[in-house]
Amino acid sequence: MSDDSANPHTDQRADAQAAGDGATVAGNVDTGGGDFIGRDQIIGGDYVRGDKIVIADAAAGRASRNRATMLGLVNRVWVEGVLDQALSAILPINVRLHSQMDAVDQSAWSNLIGLPQQPGSLLPAETNVASIFEEMNQSLLILGEPGAGKTILLLMLARETIAQAVRNAQRPVPVVLNLSSWGTRRQPFAQWLVEELRVKYNIPKRIAAAWVEQDELLLLLDGLDEVAAPHRDGCVQALNLFRQENLTPIAVCCRIADYMALPTKLRLNGAVVLRTLTPEQIEQYLQAAGPALAGLHAALARDSVLQELAQTPLMLSIMALAYRDQSGPMLESGPADSTEARRRHLFDAYVERMFSRTARTRQEDYPRPQAIHWLGWLAKTMAQQGQSTFLIEELQDNCLSSPRQQRLARVGSRAACGLLLFLAAMMGAFCAAWIRTLGGNPIALAATSISALAFGAVYAINYGVASGLVTRISAIAALFGTFALATLIGTLLAWMVSGLLPGSLLFGLFIGLSFGLPGGAAGVALADPRRIALSERLRWSWRRGLPGLLLGMALSFGGALVMSEDRATTSILANLLVVGPPAAFICAMAAGVRRTEYVGGHLRPNQGFFEARRNAIVLGLAVFLSIGLVSLSIGFFHPTIVNLSLAVGVGFGLPLAVSLALYAGGGVCIQHMLLRWLLMREGNIPGNLTRFLDWAVSHIFMRRTGGGYIFLHRTLMDYFCGK
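Residues numbered from 1 in each chain as written. Predicted model: local features only at pLDDT ≥ 70, side-chain atom pairs only at ≥ 80, totals over all residues. Heavy atoms only, no water.

Digging into the overall build of the protein
Secondary structure assignment for the protein yields 27 helices and 15 strands. With 723 residues in all, the protein has 50% of them scored as buried. Counting contacts in the protein only where the partners sit at least 6 residues apart, residues at least 24 apart contribute 76% of the total. (Helix = DSSP H or I, 4+ residues; strand = E, 2+ residues; numbered from the N terminus. Buried < 20%, exposed > 50% of the residue type's maximum accessible area, 1.4 Å probe, protein only. Contact = heavy atoms within 4.5 Å.)

A closer look at the pattern of salt bridges
Tallying each qualifying case throughout the model produces 12 salt bridges. Among the ionic pairs, Lys205 bridges to Glu195, the shortest N-O distance being 3.9 Å. Residue Lys205 is located in helix α8 (residues 205-213), and its partner Glu195 is located in helix α7 (residues 189-201); the two are separated by 10 residues in the primary sequence. Judged by relative accessible area, Glu195 falls into the buried class, the value being 18%. For Asp225, the salt bridge identified is with Arg255, shortest N-O distance 3.6 Å. Remark: Arg255 occurs in strand β10 (residues 250-255) and Asp225 occurs in the loop between β9 (217-222) and α9 (229-245); sequence separation between them is 30 residues. A single burial state applies to Asp225 and to Arg255, both of which are buried. Each of the salt bridges in this network shares a partner with another, and the network as a whole consists of Arg185, Glu196 and Lys200. (Salt bridge = Lys/Arg side-chain N within 4 Å of Asp/Glu carboxyl O.)

Quick word on the packing of aromatic side chains
One pass over the structure, following the stated rule, counts 16 aromatic pairs. Between Tyr719 and Phe720, the ring centres sit 5.3 Å apart and the planes meet at 70 degrees, which makes this aromatic pair edge-to-face. By relative accessible area, which is 10% here, Tyr719 ends up buried. A connected cluster of aromatic rings, assembled from ring pairs, spans Phe347, Tyr350, Phe355, Tyr366, Trp374, Phe692, Trp695, Phe701, Phe711, Tyr719 and Phe720. One Lys or Arg, Lys265, reaches over the ring of Tyr259 and ends 5.0 Å from the middle of that ring. Here the basic side chain of Arg368 rests over the ring of Phe355, its NZ or CZ set 5.7 Å away from the ring centre. (Phe/Tyr/Trp six-rings, centres within 6.5 Å; stacked < 30°, edge-to-face > 60°. Lys NZ or Arg CZ within 6 Å of the ring centre and 35° of its normal.)

What to know about the nonpolar core
Of all hydrophobic cores here, the largest spans 75 residues; its most connected members are Phe189 and Tyr201. When residues of this core are assigned to their parent elements, the largest contribution, nine residues, is made by helix α3 (residues 58-89). Once residues lying within four places of it in the same chain are set aside, the contact partners of Phe189 are Leu179, Trp182, Leu219, Leu221, Ala238, Leu239 and Phe242. Core analysis: the next-biggest nonpolar cluster, separate from the first, contains 60 residues, Leu293, Met319, Met354 and Ile372 among them. (Core = buried A, V, L, I, M, F, W, Y, C linked by side-chain atoms within 4.5 Å.)

Quick notes on the confidence of the model for the protein
Residues at a pLDDT of 70 or more form 72% of the protein, whose mean pLDDT is 76. Within the protein, the lowest mean pLDDT, 32, falls on strand β2 (residues 36-37), and the highest, 96, falls on β9. Counting interchain partners and residues more than four positions distant, the pLDDT-below-50 stretch residues 1-56 has 86 contacts. Below a pLDDT of 50 lies the segment residues 108-118, which in the model reaches 20 contacts outside its immediate sequence neighbourhood of four places, other chains included. (pLDDT = per-residue confidence, 0-100.)

Quick notes on the side chain of Gln164
Relative to the elements of secondary structure, Gln164 occurs in helix α5 (residues 150-167). The residues touching Gln164, leaving out its near neighbours within four places in the chain, are Glu134 and Arg171.

Some points on the packing of helix α14 (residues 313-322) against helix α16 (residues 339-355)
Look at α14 against α16: their axes get within 8 Å of each other, and the N-to-C directions meet at 50 degrees. It follows that α14 is oblique to α16 by the angle criterion. Crossing handedness for the pair α14 and α16: left-handed. Residue-level contacts link Met315, Ile318, Met319, Leu321 and Ala322 of α14 to Arg343, Leu346, Phe347, Ala349, Tyr350, Arg353 and Met354 of α16. Here the contact of α14 with α16 is composed, by residue class, of 10 nonpolar, no polar and two charged. (Axes fitted to C-alpha atoms, helices over the stretch in contact; angles between N-to-C directions. Parallel < 35°, antiparallel > 145°, perpendicular 65-115°, else oblique. Left-handed = near helix turned anticlockwise from the far one by under 90°. Nonpolar A, V, L, I, M, F, W, Y, C, P; charged D, E, K, R; others polar.)

Observations regarding α8
Of the positions making up α8, those classed as buried are Ile207, Ala208, Trp211 and Val212. Viewed end-on, α8 has its buried residues packed into an arc of 130 degrees, placing them on one side of the element. Residues Arg206 and Glu213 are exposed on α8 and point more than 90 degrees away from its buried face. After α8 finishes, the residue Asp215 shows a positive phi value of roughly 55 degrees. (Arc of directions from axis to C-beta.)

Focus on the sheet that holds β9
Spatial ordering of the open sheet is given by β6-β11-β7-β10-β9-β8, a layout of six strands whose pairing is mixed. Looking at which strands have only one partner, the edges of the open sheet turn out to be β6 (97-99) and β8 (173-178). The average angle at which neighbouring strand axes cross in this sheet is 20 degrees, direction not considered. In the sheet, β8 pairs with β9 via six bridges, with the strands oriented parallel. Its bridge partner lying in β9, Val175 is registered against Leu219. Of the strands in this sheet, β6, β7 (139-144), β8, β9, β10 and β11 (270-274) are in contact with α5, which crosses β9 at around 170 degrees. Strands in contact with α7 are β8 and β9; relative to β8, the strand with the most contacts, it is inclined by about 90 degrees. (Pairing = 2+ DSSP bridges.)

Looking at the pairing of β10
By the criterion of burial, β10 is predominantly enclosed, with six of the six residues buried. Of the two faces of β10, the one holding Ile250, Val252 and Cys254 and the one holding Ala251, Cys253 and Arg255 are both buried throughout. Of the strand pairs in this sheet, β7 and β10 are connected by six bridges, and their pairing is parallel. Looking across to β10, one finds that Leu140 is bridged to Ala251. One ladder, built from three bridges, connects β9 with β10; its direction is parallel. Looking at the pairing, Leu221 lines up with Val252 of β10.

Comments concerning unusual backbone geometry
We note that Arg186 has phi near 50 degrees; this positive angle belongs to a residue other than glycine. In this fold, Arg186 is placed in the loop between α6 (182-185) and α7. Overall, the relative accessible area of 44% leaves Arg186 in the partly exposed class. A positive phi angle is found at Asn202, which is not glycine, with a value near 60 degrees. Within the secondary structure, Asn202 sits in the loop between α7 and α8.

Encoded structure:
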């Protein structure tokens, strides 16, 4: 044992100095496994000295944490959430593999040494998919009949490669994706990968793009056959082009008939085909199940159509669930004219049996016709959108039944945000007027309160103008336009009251900066939101916030001049003390607060909605309370202007708090709730969608993948599409 490792009190500073300038020691670790150079273990650009991780720099530390997060996420969602549940729900069946080397384009790999080169060569029963993947230089195509177990085999490969990546940080990070959505966007494959990582795993685009560019991912791609038929060959060509430019390890799954019909073959190193079950394997399965499947056992012995259906593990498992404890004659009474008719009868029986599962949920909550209609709508929507995983927060207005309903969803959400801004500005101005005239003339209070309507209207008008302009011109031009409009309105109102143009121009500038810019910024930020801001976090940027602070200081000086009727220095300074801190705070917050994504995933249903709602509430309350505390502190130290200070704080604080709350997530929450209400009114979803989806999981119609949901199998999804 070395001296360093023998001494438990080794100075961490010495470790850092030995690592090089800027290195830090990140804590104790288990050093078992991995690649070693001398005494030091390599871990993703860092290394281990003794029992300490020595991190070369902060960026490497972040990269290591992001990698660990992604590995844990894929393992929880796909291995623990799907694979382990699937394997525990069925009796184990050892599905045999055979190589199919002519299924791939091997023009560049004619001298490849590894698996048997003859098409159809049966592989040994003990062959492990991870070993095949390694022998094929981490480039493999998996083919099979529907329900043969392609996805299960792919997830077994995910389990093995995740374990390898945990042990060795030089290994790429496995990520499971479904190709079905490529057909809807038809982007360059690298661009599609970045978008899928953002949507499915909540990976920021910057990080996802770096991972794709640097070949740090191991792509496990399911569902090539789920790409729309007209675009399936285009997907293969996009994949081949990506393979020419990247050395990313890859495994692809597809139904064998759909793949063999394609004119273009994938440029991979090898292919395997899952064999259908032999009569001996089916016999072993039924005998292991015991008397509960005696009726199915007897029916299979006499029914050739049932025998054909039972040749895949999926259909055999569904038979075991649907026909459990039923007699042979009852099973043979079903339609036998075709395999497709018998398959529909089988799924009818399966659905009927699953509806009798009342142990985990109450059946009376969802009547059978209504539940089947909802599942049918969901299956059709997922098929039309090219989705394999359903995320509640990813519902879009194109799920609605007509263009009229879609326009209603878009216009309604924008109108709701505008109404909230109008009410916030009006209430803020009314409260400010009430505080300012507290104990004064009621007539003055009434007259001043009327101006609250004008302030609210200016705020809402600028929001509406900006949200309309931003879809036609740039965001900067839309903001400038709303600022100019608010300034013009303020100038005209002041000139009509006072008749003095210079003071009216200052007042108009004050209105433009105070109400025009915030209202316009809200309109630009919330114009036609298309999706929930998935699990976004808020951060503060001094680089952006400092210019906002300077703008607020300039704004407060202009406001102090407007409020000082005699233009005396003492009056200007007093007003500056009142207006300055709130105005500076408002502008700094508006400029410095930014939405930023984090590496994580959807671990609970509708997580994006809850994150957006939390962001809106937290930021809105924080801004309003902060401005209120600043106003109270000014009033405490200067009692003579306490009313004025509170009036300014409330008048500015309330509309600003609502604006930032809508920007931080409240706007997309409104859009999401309105969309779900319209879908519920159409009868396509229940009131509590999450509860219904969990009910579908408990009845083995669907499975949960983190915060998303997938149908038990594509064939079951196709069955519900026909309902």
